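Next come the chains, spelled out residue by residue.
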Amino acid sequence: MTSKTNGVYDRTPLIAGNWKMNLDHQQAVTLVQKLTWILTDADHDFEKVEVAVFPPFTDLRSVQTLVAGDRLPLVYGAQDVSAEDSGAFTGEVSAQFLSKLGCRYVLVGHSERRTLHGEDDAMANRKLTAALRHGLAPVLCVGEGLDVRQAGRHVEHTVAQLRGALEGLSTEQVTDLVVAYEPVWAIGTGEVAGPDDAQQMCAALRADVASRYGEEAAAGLRLLYGGSVKSSNAASLLREKDVDGVLVGGASLDEAEFASIVRFEHHLLTD
Ligand SMILES: O=C[C@H](O)COP(=O)(O)O
């Protein structure tokens, strides 16, 4: 398989909104409707720049009904998935259920899952495998804490997380993967890694995939940056060669702000 292209970019940029534990199913419907109206009014080309939202589990059925019923051009995913397929796992949600709800993507190993629920790379690996087993596209999240960054070990740390999560995956499974680099110190803090930092890490992750799975897998890999992304800083991040998208938390809860991030090219033109 060759690297993805939509005729404009080597890899289709992905602008992803992780709502975290915000917005109930009614609010979800309102936000998705408004977001689509804004983008459609602005003639946004969803083939050229892909737009995905990650609502809470309880919103997914409503989002599915809306997106399918109105044939909306955006896609959606879940914020987490069980490593198991079915059985006595109270509170867990299986990849099969998410697949049936029309999810394209699922977040795996988000730093809040790692910090709040003790998830490690081995668990990320199991969840990634479960997602792939059921036809979901995992968005693997990696990134270092402030202590690691200050010690200057951020690249080796993040590359090690990537390797741990990809353990046992085939080259085919790695090709087309989405990996989000989210420095933990930049999440919800207003601190943003500079475009140079984002580029340095994304280039290192791509190089590691190239060395282990080949150039083709590395060329298809989409790398996102996440951590206090807003419309005012998205364009400078997305201008970087190895940054193929952004994973947006807080700013994705405001449809106008998120739409403005989706339309980052306008900022590139006017900067
Ligand atoms: O998943 C999104 C990231 O955790 C970033 O969140 P944030 O944009 O609120 O900093």
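Quantities reported herein were computed from a predicted structural model and do not represent experimental measurements. (Residues numbered from 1 in each chain as written. Predicted model: local features only at pLDDT ≥ 70, side-chain atom pairs only at ≥ 80, totals over all residues. Heavy atoms only, no water.)

### Considering unusual backbone geometry
One non-glycine residue, Lys-20, adopts positive backbone phi at about 55°. Mapped onto the elements, Lys-20 comes out in the loop between β1 (14–18) and α1 (25–41). One non-glycine residue, Arg-71, lies in positive phi territory at about 50°. Within the secondary structure layout, Arg-71 lies in the loop between α2 (60–69) and β3 (75–78). (Helix = DSSP H or I, 4+ residues; strand = E, 2+ residues; numbered from the N terminus.)

### A look at the site of the ligand
Within the structure, the ligand sits among 14 residues, and Lys-20, Glu-182, Gly-188, Ser-228 and Gly-250 are positioned closest to it. Here an oxygen atom of the ligand and a side-chain polar atom of Lys-20 are 2.8 Å apart. At 2.8 Å, a backbone N or O of Ser-228 approaches an oxygen atom of the ligand. Among the residues forming the shell around the ligand, the class breakdown is 5 nonpolar, 7 polar and 2 charged. (Near = heavy atom within 4 Å. Polar contact = N/O pair within 3.5 Å; in protein donor to acceptor, adjacent residues only side chain to side chain. Nonpolar A, V, L, I, M, F, W, Y, C, P; charged D, E, K, R; others polar.)

### A closer look at the sheet that holds strand β7 (residues 222–226)
Backbone hydrogen bonds are what pair the strands of a sheet, in a parallel or an antiparallel way. One closed barrel holds the 8 strands; their spatial order is β1-β2-β3-β4-β5-β6-β7-β8, and the pairing between them is parallel. Between one strand axis and the next, the sheet turns through 25° on average, direction left out of account. The pairing of β3 with strand β4 (residues 105–108) spans 2 bridges and is parallel. Looking at the pairing, Ala-78 lines up with Val-106 of β4. (Pairing = 2+ DSSP bridges. Axes fitted to C-alpha atoms, helices over the stretch in contact; angles between N-to-C directions.)

### Some details on the UniProt feature "binding site: substrate" (unreviewed entry) in the chain
As annotated by UniProt and renumbered to match this structure, "binding site: substrate" (unreviewed entry) occupies Asn-18, Trp-19, Lys-20, Gly-188, Ser-228, Gly-249 and Gly-250. The annotated residues occupy 233 residues of the chain but converge on a single region, no pair of C-alpha atoms lying more than 13.7 Å apart. Residues in contact with Asn-18, not counting those within four places in the same chain, are Phe-54, Gln-79, Leu-107, His-110, Leu-247, Val-248, Gly-249 and Ser-252. Among the polar contacts made by the side chain of Asn-18, one reaches the main-chain amide nitrogen of Lys-20 at a distance of 3.0 Å. Tracing the backbone through its elements, the reader meets Gly-188 in the loop between β6 (178–181) and α9 (195–213). (UniProt positions renumbered as here; feature names shortened; annotations may be inferred. Contact = heavy atoms within 4.5 Å.)

### A closer look at the UniProt feature "active site" (unreviewed entry) in the chain
The residues that UniProt annotates with the feature "active site" (unreviewed entry) are His-110 and Glu-182. Spatial clustering of the annotated residues is evident: they stretch over 73 residues in sequence, but the largest pairwise C-alpha distance comes to 8.5 Å. On the accessibility criterion, His-110 (4% relative accessible area) is buried. Those residues in contact with His-110, other than ones at most four positions away along the chain, are Asn-18, Lys-20, Cys-141 and Glu-182. (Buried < 20%, exposed > 50% of the residue type's maximum accessible area, 1.4 Å probe, protein only.)

### Observations regarding the packing of helix α7 (residues 154–166) against α9
The N-to-C vectors of α7 and α9 enclose an angle of 45°; their axes lie 10 Å apart at closest approach. With respect to each other, α7 and α9 are oriented oblique. In this structure, the crossing between α7 and α9 has a hand that is right-handed. Between α7, through His-154, Val-155, Thr-158, Val-159, Leu-162, Arg-163 and Leu-166, and α9, the contact on the second element is made entirely by Gln-200, Met-201, Ala-204, Leu-205, Asp-208, Val-209, Arg-212 and Tyr-213. Residue composition of the contact of α7 with α9, by class: 9 nonpolar, 3 polar and 3 charged. (Parallel < 35°, antiparallel > 145°, perpendicular 65-115°, else oblique. Left-handed = near helix turned anticlockwise from the far one by under 90°.)

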